[in-house]
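A look at the structure
So the chains spell out like this:
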Amino acid sequence: MCGIVGYVGNRPVVDLLIQGLRHLEYRGYDSAGVAFFRDGIIEIEKSEGRLVHVEKLLAESSKVFQGSKCGIGHTRWATHGKPTTQNAHPHRTGHVVLVHNGIIENYQEVRKQILERGHRPLSETDSELFGFLVLEEMNRGLGLRESVRKSFLKIRGSCTMVVMSEKEPGVVVGVRNGTPLVAANDPLGGGVFASDAQGLLHVSKNVVFLEHGDLAEISEKGLEVFDLKTGKTIQRNATLLDWSVEQLDKQGHAHYMLKEIYEQPSSLMDTLNALVERSNGIPFSLAHQPAVKLIENARDIHIVACGTSWHAALLAKYWMEKWARIPVNVELASEFRYRDPVVGKSSIIIGLAQSGETADTLAVIRKARAAGIPTVGITNIRGSTISREADAVLYMAAGPEVGVAATKTFTAQLMTLLVLTGHLAVKNSQAHPDDQVQGIQKLFEQVIQMPHLLADYLEAGKLAKDTKKAARALKDSRGFFFIGRGFSFPIALEGALKLKEIAYIHAEGYAGGELKHGPIAMIDQEMTVVVLAPLDIWREKTVSNLEEVKARGARILGIGDASDLVLQSLCDHWIALPPGLDKIDSSLFPLALTPVVQLLSYEIALLKGTDVDKPRNLAKSVTVE
Ligand code: M6R
């Protein structure tokens, strides 16, 4: 986790670092700092808490940094050592200053050796130790790049280091070993490093996704890449990204999360357009991507994921088994990686991760590849680790998501999995009765309509009003259950996760049928049950569950079809789904239910006064286990 930026060039470095860090703060935000050259000396400003504290320090500082053109910055998610200013990065060791993301696994051993050699680290971090190793190499007469290389070979673990030294002003060296690091040449001269493309888009859209085991240097000559093991020059090509810096701004919304909820109709459409060839008249015609071929050839599908992505995967199981008649196993990556699942060379393992960096999901991909089992990554981030380590990749096109709570990447995952479902269903259509084939065609037409229907729903403003009203009435509930059946069940799980994540309220999602098996014991007047009961084959059963919890005093917030007056009359609070949804196949109802539960959590979090975009203890990419 943690965000890193490094720059050498002709632009004022401190502003550039701060701007980059603002776009990376979602990766960790318990402390932050920058280091920059001033008259041959490296100055450091760092602080516990958010980046804004560092900005304040800089504003109050008497240090002149406007002319500085070389520096590094960091925003931290603590692993070793508390989130204090002392432990914040950058760390200085003599003339060496560094920032780090990831974990040095042989940290104890390195620390012991360093202490034995008479060094005294000031922080509790594993990161600072690396500075001593570099310092020792430089004291032996090696240059910065070679010292970083040699030092890196002495540590173990998945990490990124970005280092500079007062002995070599105008040079920044970075290593990518597991955790991400991207780089670019600055068109105005020099080069830039960042943990991901969001951190350097303000410099260039031509991004080099460094590979595992790359050592890179930026200087006034631009970017140069070397092999970490041998030190020999290697060639890496840049990818031109279609993301823009404007997409990284809030564009008038109070929070990124709100902006991203409202962007869902367009990110759904973008994802659909990116994946589907629409001119040939075949429904769900996915371009001939290697990932699609691998999935088509598989006898059974295993989707591994974490958190919100796992909820998307769960819904995909319902879809794929219904429409494509393929057995699908969905599992938490953290469980799958440590057990002995029944998978083989005719299976496919799909790692679903919006960030493409989730440690557990990557571990499954690596293990599968080592066993010769085909793998596919589905991600929103080009050049992410999963996109390079899986055998093949499918990209969704949600655009940058800055809010830590996944919103538009969730629905973009749903769209990706939905078109994949449709594609497999068409492929297997010989095995289907005629009405199923017609059903697939109809489903495709409705998938195209969904973004428009959602845009109207969100823009009409009624949903915003209804969720605000419900939030005001229910915010003080002791806890929330979200219940749903069938296609609504994964959305019940997602609704509960969103509420926990951003409003810090205890919430659980249940399949309606599970209530009687224990959870109903929790129900009393202080509990709210959010009932997801659109007009589908499960509605009657869900309404029975509603009656059961209502009889035990729970407050009921119903989310159902706009025409369902009977359901509405049973609920204390009510949010209607988009008008016209009753004409759409129930497989697509989750796309309409999702913004409702997202907005509900958002509104409750606002009333609770939490930091919606950066909820406590969380980071957007969970790159450590
Ligand atoms: O990048 P990934 O999709 O693999 O991330 C998985 C989870 O960490 C993520 O979905 C997390 O649960 C989000 N914060 C949910 O909003």
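Residues numbered from 1 in each chain as written. Predicted model: local features only at pLDDT ≥ 70, side-chain atom pairs only at ≥ 80, totals over all residues. Heavy atoms only, no water.

For the rest of this paragraph, the subject is the overall build of the protein chain. Summing up its helical and strand segments, the protein chain has 19 helices and 25 strands in all. Taken over C-alpha atoms, the radius of gyration comes to 26 Å for the protein chain, in line with the 25 Å a tight globule of 625 residues would show. C-alpha extents for the protein chain along the principal axes are approximately 80 × 55 × 45 Å. Going through the 625 residues of the protein chain one by one, you find that 63% of them count as buried. (Helix = DSSP H or I, 4+ residues; strand = E, 2+ residues; numbered from the N terminus. Rg over C-alpha atoms; globule rule 2.2 N^0.38 Å. Buried < 20%, exposed > 50% of the residue type's maximum accessible area, 1.4 Å probe, protein only.)

Once that is clear, we can look at the state of the cysteines. Applying the stated criterion across every chain, the model contains zero disulfides. In this structure Cys-306 is a free cysteine whose sulfur lies 18 Å from that of Cys-2, the closest cysteine sulfur available. (Disulfide = S-S within 2.5 Å.)

This paragraph deals with the domain arrangement of the protein chain. Entries for the protein chain in the domain assignment read domain 1 (3-244), domain 2 (249-453) and domain 3 (462-608). Between domain 2 and domain 3, the residue contacts involve 32 residues of the former and 29 residues of the latter. By the criterion of area lost to domain 3, the three top residues of domain 2 are His-311, Tyr-318 and Met-450, representing 21% of everything that side buries. Counting across the domain 2 and domain 3 interface gives zero salt bridges. In this structure, the connection of domain 2 to domain 3 is made through 10 residue pairs in polar contact (both at pLDDT 80 or more). For the side of domain 2 that touches domain 3, the secondary-structure elements that each account for two or more residues are helix 6 (256-262), helix 7 (264-275), helix 9 (307-324), helix 13 (408-427) and helix 14 (434-459). Counting residues per element, the side of domain 2 that touches domain 3 draws most heavily on helix 9, which supplies 10 residues. For the side of domain 2 that touches domain 3, a count of residues per class yields 22 nonpolar, nine polar and one charged. (Domains from an automatic or database assignment. Contact = heavy atoms within 4.5 Å. Buried area = accessible area lost by both parts, 1.4 Å probe. Salt bridge = Lys/Arg side-chain N within 4 Å of Asp/Glu carboxyl O. Polar contact = N/O pair within 3.5 Å; in protein donor to acceptor, adjacent residues only side chain to side chain. Nonpolar A, V, L, I, M, F, W, Y, C, P; charged D, E, K, R; others polar.)

The next subject is the side chain of Asp-564. Here Asp-564 shows up in the loop between strand 24 (555-560) and helix 18 (565-570). Within polar-contact distance, the side chain of Asp-564 engages the backbone nitrogen of Leu-567 at 3.1 Å. In contact with Asp-564, not counting residues within four places along its chain, are Ala-533, Leu-535, Arg-539 and Trp-574.

Turning next to the pairing of strand 10 (residues 190-194). Within strand 10, five of the five residues are buried, which leaves it mostly tucked inside the rest of the structure. Residue alternation in strand 10 divides its side chains into two sets, Gly-190, Val-192 and Ala-194 and Gly-191 and Phe-193, and both sets are buried. By the bridge criterion, five bridges tie strand 1 (residues 3-9) to strand 10 in an arrangement that is antiparallel. Counted as the bridge partner of Val-5 is Ala-194 from strand 10. Summarising the sheet, strand 9 (residues 182-185) and strand 10 pair through four bridges and their orientation is antiparallel. For Ala-183, the partnering residue across the bridge sits in strand 10 and is Phe-193. (Pairing = 2+ DSSP bridges.)

Moving on, we get to unusual backbone geometry. A negative phi angle characterises most non-glycine residues, just as the trans form characterises most peptide bonds. With an omega of 0 degrees, the peptide bond between His-89 and Pro-90 qualifies as cis. Considering the arrangement of structural elements, one finds Pro-90 in the loop between strand 4 (70-76) and strand 5 (91-93). Here the phi dihedral of Gln-251 falls at roughly 50 degrees; this positive angle occurs in a residue that is not glycine. With respect to the helices and strands, Gln-251 occurs in the loop between strand 15 (239-240) and helix 6.

The strands making up a sheet associate through hydrogen bonds between their backbones, and the pairing can be parallel or antiparallel. Strands sit in the order 5-6-7-8-12-13-14 across an open sheet of seven strands; the sheet is antiparallel. Of all strands in the sheet, those with a lone pairing partner are strand 5 and strand 14 (233-234), marking the two edges. Sitting on the sheet, helix 4 (residues 127-139) touches strand 5, strand 6 (96-102) and strand 7 (159-165), and the angle it makes with strand 6 is about 135 degrees. (Axes fitted to C-alpha atoms, helices over the stretch in contact; angles between N-to-C directions.)

Right, let's talk about the layout of surface pockets for a bit. Here the largest pocket defines a volume of roughly 520 Å³. For the largest pocket, the lining is made up of 27 residues, of which Gly-307, Thr-308, Ala-619, Lys-620 and Val-622 are closest to its centre. The set of elements that each furnish at least two residues to the lining of the largest pocket consists of helix 9, helix 13 and helix 16 (489-503). Of the residues contributing to the lining of the largest pocket, the split by class is 13 nonpolar, 11 polar and three charged. (1 Å grid on protein atoms, 1.4 Å probe; cavity = no way out; pocket = protein on both sides within 12 Å on 5 of 7 lines; lining within 4 Å. Points joined across faces, edges and corners; volume = space filled by probe spheres on them.)

In this structure, Ile-301, Ile-303 and Phe-482 are the most contacted members of the largest nonpolar core, which totals 94 residues. Examining the composition of this core, we find that 11 residues originate from one element, helix 19 (residues 589-608), more than from any other. Shared between two domains, this core holds at least three residues of each, these being domain 2 (249-453) and domain 3 (462-608). Residues within four places of Phe-482 in sequence aside, it is in contact with Ala-492, Gly-495, Ala-496, Leu-499, Ala-507, Glu-508, Gly-509, Tyr-510, Val-530, Val-597 and Leu-600. (Core = buried A, V, L, I, M, F, W, Y, C linked by side-chain atoms within 4.5 Å.)

With that out of the way, let us pick up empty space enclosed by the protein. Throughout the structure, instances matching the rule amount to two cavities of 30 Å³ or more. Together, 24 residues line the largest cavity, and Tyr-26, Arg-27, Asp-196, Ser-355 and Ile-381 are the ones closest to its centre. In terms of residue class, the lining of the largest cavity is built from seven nonpolar, nine polar and eight charged. Residue assignment places the lining of the largest cavity across two domains, with domain 1 (3-244) and domain 2 (249-453) each supplying three or more.

Mapped onto the fold, Thr-271 is located in helix 7. From its side chain, Thr-271 meets the backbone nitrogen of Ala-397 in a polar contact 3.0 Å long.

Our next topic: the pattern of salt bridges. The full count for this structure, using the stated rule, is 40 salt bridges. Residue Lys-614 pairs with Glu-25 through a salt bridge whose shortest N-O separation is 3.4 Å. Within this pair, whereas Lys-614 is found in the segment after helix 19, its partner Glu-25 is found in the loop between helix 1 (13-24) and strand 2 (31-38), the two being separated by 589 residues in sequence. Here Lys-614 and Glu-25 have matching classes, each one buried. Linking Asp-391 and Arg-369 is a salt bridge whose minimum nitrogen-to-oxygen distance equals 3.0 Å.

The next point concerns the sheet that holds strand 20 (residues 392-395). Strands sit in the order 17-16-18-19-20 across an open sheet of five strands; the sheet is parallel. Across the chains shown, the open sheet's two edge strands, defined by having one partner strand only, are strand 17 (328-332) and strand 20. Taken over all neighbouring pairs, the strand axes of this sheet differ in orientation by 20 degrees on average, direction set aside. Sheet topology note: the strand 16 (residues 300-305)/strand 18 (residues 347-352) ladder contains five bridges and is parallel. By the bridge assignment, His-302 is partnered in strand 18 with Ile-349.

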